[in-house]
Amino acid sequence: MSAPPTARTRRAPTLRSTLLAVGVGALVYVMFVVGVLVFRIAPAAARLQQQGQMMLIDYRDSQQREAVLDSTMTDLWRLLGASRRGTPARAELESHRARLQRMEESALASAPAGLTPEAPEELRSILSNGVRDEQHLRTVMLAAIAAMELPDVSMAERMMRRADSLDTPINDALAAATTFALRDVHAREIELASAARSTIRVLAFWLLIGAVAIAFIATLLRDRLYSPLSSLDRGMARVSAGELDVSLQARHDDELGRLTDHFNRMTSVLRVRAEMEKERSERETEARTRLILESALDAVIVIDATGLVREWSPRAEAMFGWTRDEMLGRSIADRIIPEKYRHAHVSRLGAYRAGSVSRVLNRTLELVAQRRDGTLIPIELSVAPLMRGTEMEFSAFIRDITERHESQAAIARSEARYRAAFEQAAVGMAEVTRDGVFQRVNRVFAQITGRSEQELIGMSTTTVTHPDDLESDAVALQRLMRNELPFVQREKRYLRPDGSVAWAKLATAVVHDAAGAPSYVLSVVQDVTEEKRLEAELKQAQKMDAIGRLAGGIAHDFNNLLTTIMGYAELLQYEEGVSKQGRDDARSIATSARRGADLARNLLTLARRSPDRRERTDVPELVREVATLVSRTFDRRIDVTIELPPVAPVISGDRSLLHNALLNLALNARDAMPNGGRLSFAASAVTIDAEFCARHGGEAMPGEYVRIDVRDTGEGMSASTRERIFEPFFSTKEPGKGTGLGLAMVYGTVRSHGGMIEVDSVPDEGTTFHLYLPLGSEIEYGPEDGADRLITGRGRVLVVDDEQAVRHVVSRMVEHLGYEVETANDGLEAVARVEHGDPALDIVILDGNMPRLSGHEAARRIRALRPDLPLVLASGYMEPDAGGESWRADFAGTVPKPYDLATLSAVIAEHLAPRG
Amino acid sequence: MLFVPVLAGCRAPQPAVIGDAFAEPWEGEGFMQVVRRALDSTGTHVQLARWSSPDAPALHSAADQALRFATTPGILGVVGHAGSRDAILGAKVYNSAHIPQIVPNATSRQLADVGPWTFTLVGDDADEGAFLATYALDSLHATRIAVIHVADEYGNGLRDGVAAALRDRGALIVDEIVLPNALCGVGPDRDVQRLPVLASLERGNPDAVILALGSSGACIVDILLRERPTLAVLGADGVVGTDSVLAALPDDVRARYRGVEFALPTSDSTWMAFRARVQTMLHRDPTPSEALRYDAYLLLASAIGEAGPNRDRIREWLASLGHGRPAWPGVTGPVSFTNGRRRMPLRMVTPGSGA
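Residues numbered from 1 in each chain as written. Chains lettered and ligands numbered in written order. Predicted model: local features only at pLDDT ≥ 70, side-chain atom pairs only at ≥ 80, totals over all residues. Heavy atoms only, no water.

A.B. asks: Report on the sheet that holds strand 14 (residues 638-643) of chain A, specifying residues and quantitative values.
C.D. replies: Residues and elements named next belong to chain A. The strand order across the open sheet built from five strands is 14-16-17-19-18, with neighbouring strands paired in mixed fashion. Of all the strands in the sheet, just strand 14 and strand 18 (756-762) have a single pairing partner and so form its edges. Strand after strand, the sheet turns through a mean of 15° between neighbouring axes, direction not considered. Judged from the six bridges that link them, strand 14 and strand 16 (residues 677-688) form a sheet pairing that is parallel. Each bridged residue has a counterpart across the sheet, and for V640 the counterpart in strand 16 is L679. Against the sheet, helix 18 (residues 655-672) touches strand 14, strand 16, strand 17 (703-712) and strand 19 (766-774), its axis set at about 30° to strand 17. (Pairing = 2+ DSSP bridges. Helix = DSSP H or I, 4+ residues; strand = E, 2+ residues; numbered from the N terminus. Axes fitted to C-alpha atoms, helices over the stretch in contact; angles between N-to-C directions. Contact = heavy atoms within 4.5 Å.)

This is how it looks when you write it as structure tokens:
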């Protein structure tokens, strides 16, 4: 439905038809102009250009052909002269014939460019005649050449004259064609110029018409299109900005005029609706405000610019104890602002009214307010300006924050207690974020990790964690985060900056925030490095003990066998009727048996159970001896140095074992320096305290020690290798190059001497072994080596051994020395013999390790029966706990298996009780 | 220049138009009566639009004529032109304008490549040249062969065919001259033709000469046969007008000349009927060229009748002959095309001997 036009509206064609008319007019105009250009100018210009090009091509081709024909004609006349003289130049004739034939072919292959259907008839005729005459000329010239070749000179001359006669018409035809073409081009130029002039006149006229039309169209468009649209645009802008009191004037009764009428009706409807909406909104706002005031949890107070209360919510009544009626119209300063703040409040209000910037408005402040009963309460205050009509008011939202203050204080106290517990704990404590970064650590934790607290905070746990423990760390953290476990207890290693490793026992739990989400991880850390070290020491000792027991058992049986072998071999040497070769063989058997005895002794060092063979050992001399040996035998690229104290410390020990220990260390050093280096030996006297001893297992005693250092500049060892080097059969060398017993024996030797051993090693820098051996005070001397003379005697000797072969050979040896022999199979039988009276017994040689009754127990019982009877212990191996030191009191002496005849004779002679 | 369509049919409301592109005046005007009658008997209403200005300049006239045909309302196809050069000039226009063209007896190699709208009823010049060379070598046992030809596409193509065939057999052309395609001259003009021929015979000393000439061929045959008593002369299909020359020669001399013609199915009933029709109307036998031309008109009329007045469908109909459609039964034998070409067998004849 369209509204009727207003009284001032003029009737007009529709906008659509107007625009259509303008568009069609413009299109016709443009087409007309283009048509003039295309159909008047372009064809004439194209014809002129085409004609000129063709004329040029034809002229150039004709000139070239004419030149060739003239040249050929001249040459043929010359050749004809030569033919007359009887010297026809056949090669030249052949060349000219070929050239003319090629011209013939090319003439037939292409016609003159000007010979087109569009060319004037006269020009086409001229060009065609020219082509025909040229062909005729070529034919005659070819005939002349043929006549010269035959040779028929007169005929050739006739042909040449005929050719001459044909040349002139060709030139005439060429000139005629050129003249005609130029004339034709000139005519076309005139035609083009005429067309151009008339076209320019037409275009000028129509351009003038176009200019007038454009002015008319512009006015029409402005009046009909632009002005109404612009008016509507402004009107719409005002409406969209909220202004509804807008009315536009329609000038024409067209689409835009009707649109303007619609717009006016729309704005009037909107105005009515807006008024109604405004009234309804004000009523709702008032009710909503009242409801908000009554239901608000905060106290809401409205004051005017002078500080008088205009609104006082029920919550304000409850908070301050003043009723709404009591407060409305009263100064707020007098009622709820404490006395000491009132003046400042009044001053700031006055300053704000005077134009100053308020520091209170639109901010949240914590202040103190006064209740009706005079008590003060902490409040949170937010004040915002409020325009009511033209008057400025302030709305204040007040919250009683007494409880908040109290809870904050409680939290602060709790935090302080936690901080104190955290900082002063005897164990390490660390808080770690969920990303694995230290956010808080205590002093003890810092000590465990070898870093400062400041250094640790912000550092990733992976930085200080041993690489082998990273995975278990991650797994534990994941399980905690997934709430699979309330806490995790485990052990892990920390890497200290100095490269050492600290073992720790951790109890880790996740701390959650108030919402129950994981906040951070709290770890309680206990340093167990020392426990770990002692545990390792214990394991090593147990391991060595087990091996020692095994070695001891073997040594016992082995020494029994050697005793038998050595005994028979020696007896054989003294047997009459034995050849010299036989005696030598027996001596070799005895020598081998002694070597076997040395091997057994070495085995026993593994368990620090070497038989007592202590002698006075000059340590510097021992070190010098080993250094001299290695400097002579090692690679010359290894520089061997020694550093010894001015006063030579002396120890009590097995020189051979110690020598072997130092040599083993030197061999290991050599293997660690395949490309050469420095091997140094040093010895010095040191005092060891109890702490040091405890750190090394507690078996060693505090006191004076000599320390022997063996240092190399070789490859060094990793921490893991260092932990295992004293294990028997542990070796880093290639298979076949090491038994894995070298350092175990060194360890056994040192411990069997009551000493300690330490290792310092840094990869790629080298290794140092420190051997601590107690300085000797009571030096015991073993049997003298080399006492090979036999001491014979008389008396009755009881040989007690559970091994029948041993009993037999020892009996033979004793008999060989001139004594009478009795034997007993074990301790019980020996005791029985003594008990039942065998007064002729002068000495008893007892095996230490026998079934049913051990040698020690047997000795104790025999001593009880006959205290005067000397007892000699002959043992291949004595369990260290088998009687401790007390056994020495029961025996007059000892002879270690295997023993030779001379040793046996010396022991018996020394302890044999003199008869009567 | 006048262009006057000649009505071949009558009272046809919208007759189809076939361009007759044989411009030269020829004695066979009566033959066209035979053609028109045959066209009328097909039931297809066709008009023959003819070139009627024999005085037009020779050069470019073929292209002019083709342009005229291309702009003729209702044109559905063209038969012609005569000779390879004109056929090629016209073919370029017809292929651009998409007008089917049937070339009855032009033999240029270029016709095979000019476009898909051109169909030839005979083989090309190279084939004919090879046929002549092979005949000279195998039947005449010639060892030295010369060539005399016009310098146009026809003469060059035939020369190339001879040269290629000889090369394949290990021989060469001993001498080669170019002569204009002019009428036989007398007096000095005869010398103009005679002297190059004699010089060629002196140079090459051939025992056989192959002629690829047009209207000048007859007098060159006369010259060659008279000047060399033992020389064999072989004329290509373009050599015309030899009958009167040969008739004036003794039998033994005339016997040294052989001419090429297309081997027509003279025992075929279609041919017999065509021959009887020509004999009835013209009182003579039809020539091979006439037979080919007759087939061209009738073939195009059949295509229009079958495919309708649509040039695309007419071309497709022609191209499908022998390829999904049976060969068309012409008086010169079955007609089918491969890439627009039809292979026609050739044979050598001695004029007057009938073989």
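Having seen the structure, we can now continue with the description.
A.B. asks: Explain the packing of helix 4 (residues 153-240) of chain A against helix 5 (residues 255-295) of chain A to me, using residue names and the numbers behind them.
C.D. replies: Residue and element names in this part refer to chain A. Viewed as axis vectors pointing N to C, helix 4 and helix 5 meet at an angle of 15°, and their least axial separation amounts to 10 Å. In terms of axis orientation, helix 4 runs roughly parallel to helix 5. Helix 5 is crossed by helix 4, and the crossing has left-handed handedness. Of the residues in helix 5, those in contact with R224, L225, P228, L229, L232, G235, M236 and V239 of helix 4 are L256, L259, T260, F263, T267 and L270. (Parallel < 35°, antiparallel > 145°, perpendicular 65-115°, else oblique. Left-handed = near helix turned anticlockwise from the far one by under 90°.)

A.B. asks: Report on the pairing of strand 19 of chain A, specifying residues and quantitative values.
C.D. replies: A regular strand places its side chains on the two faces of the sheet in alternate fashion. All names here are of chain A. Burial analysis of strand 19 places eight of its nine residues in the buried class, which makes it a mostly covered element. Pairing of strand 17 with strand 19, which is carried by eight bridges, proceeds in the antiparallel orientation. Bridging from a neighbouring strand, I708 pairs with L771 of strand 19. As paired strands, strand 18 and strand 19 are joined by seven bridges and run antiparallel to one another. Residue pairing for strand 19: I757 is matched across the bridge by L771. Linkage of strand 18 to strand 19, two consecutive antiparallel strands, is achieved through a turn of three residues, within which D764 is found at a positive phi near 70°. (Buried < 20%, exposed > 50% of the residue type's maximum accessible area, 1.4 Å probe, protein only.)

A.B. asks: Hey, could you go over the packing of aromatic side chains for me, with residue numbers and the actual values?
C.D. replies: Counting across every chain of the model gives 15 aromatic pairs over all chains. Taking the centre distance of 4.9 Å and the plane angle of 55° together, the rings of F32 of chain A and W206 of chain A count as tilted. In this pair, F32 of chain A sits in helix 1 (residues 15-84) while W206 of chain A sits in helix 4, placing the two residues 174 residues apart along the sequence. Here W206 of chain A falls in the partly exposed class, since its relative accessible area comes to 29%. Pairing Y352 of chain A with F394 of chain A gives two aromatic rings, centres 5.3 Å apart and planes at 65°, and the pair type is edge-to-face. Of the two residues, Y352 of chain A is situated in helix 9 (residues 339-353) and F394 of chain A in strand 7 (residues 391-400); the sequence distance between them amounts to 42 residues. On the basis of relative accessibility, which here comes to 5%, the residue F394 of chain A falls in the buried class. Site record: aromatic cluster; members linked through ring pairs are F31, W271, F274 and Y294 of chain B. (Phe/Tyr/Trp six-rings, centres within 6.5 Å; stacked < 30°, edge-to-face > 60°.)

A.B. asks: Give a detailed account of the environment of E822 of chain A, specifying residues and quantitative values.
C.D. replies: Residue and element names in this part refer to chain A. Among the structural elements, E822 can be located in strand 21 (residues 820-824). Separated by 11 residues in the primary sequence, E822 and S811 place their C-alpha atoms 7.7 Å from one another. A distance of 3.2 Å separates the side chain of E822 from the side chain of R833, its partner in a polar contact. (Polar contact = N/O pair within 3.5 Å; in protein donor to acceptor, adjacent residues only side chain to side chain.)

Functional significance is not addressed by these values, which are geometric in nature.
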